[in-house]
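Residue-level structural notes
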Amino acid sequence: MNIALIAHDSKKQEMIEFVKKHESFFKQHTLFATGTTGLKIMENTDLKVHRCLSGPYGGDQQIGGYVGEGKMDFVIFFRDPLTAQPHEPDINALMRVCDVHQVPLASHQKTAELIIKTLESEGSIE
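Source: prediction; values computed, not measured.

Rules and cut-offs
- Residues numbered from 1 in each chain as written.
- Predicted model: local features only at pLDDT ≥ 70, side-chain atom pairs only at ≥ 80, totals over all residues.
- Heavy atoms only, no water.
- Buried < 20%, exposed > 50% of the residue type's maximum accessible area, 1.4 Å probe, protein only.
- Helix = DSSP H or I, 4+ residues; strand = E, 2+ residues; numbered from the N terminus.
- Pairing = 2+ DSSP bridges.
- Right-handed = clockwise from strand over helix to strand, strands pointing away.

Right, let's talk about the pairing of strand β4 (residues 74-78) for a bit. When you tally the buried positions in β4, you get five out of five residues, the bulk of the element. Side-chain alternation along β4 places Phe 74, Ile 76 and Phe 78 on one buried face and Val 75 and Phe 77 on a second face that is also buried. As defined by bridge partners, strand β1 (residues 2-7) adjoins β4 across five bridges and the pair is classed as parallel. From the neighbouring strand, Ile 6 faces β4, where its bridge partner is Phe 77. Where β4 lies against strand β5 (residues 105-106), two bridges are found, and the strand directions are parallel. Of the residues in β5, the one forming a bridge with Ile 76 is Ala 106. Taken together, β4, helix α5 (residues 88-100) and β5 constitute a β-α-β crossover, and its handedness is right-handed.

By themselves, these observations are geometric and do not establish any function.
What follows is the structure, given as C-alpha cells:
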C-alpha cells in the first residue's frame, strides 16, 4: 500500500511517536509525507519516506494529486483543529479528494489506530 503521512507543526511529535509505535507495520508499505514531517520521521525511525514539498508550499496538493490519480491507499493527517493554517484551502481540498475517491483519511491518532488494526487483521481496507 501507498500511505501518506502528514502532520501540522503542533502534531509532528505525536506523528513521530505514532509511527515509531507502528514501525513494523509501516515497514511493509511505501510511505509518502510532506517535507518536514517526512524528514522528522526518517530522522527518528529506520523508515524510508518519499518526501513531497512542505504542506504550505504545495505538499498537501501533491499528495491530493496522488489520491486523485489512484496512487494513494491511505492518508494519515494529524491536523491541529485549534490553530488557523495559512494553507487551509489546500487541506480542505485534500480531505475532499479523499472523500471523492473513497481513500481512508485518519485525521487523528484514534482513527489511524483503528484503520491500522483493521489492516493488520484483515490485510485490506476494502
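Moving on from the model shown.
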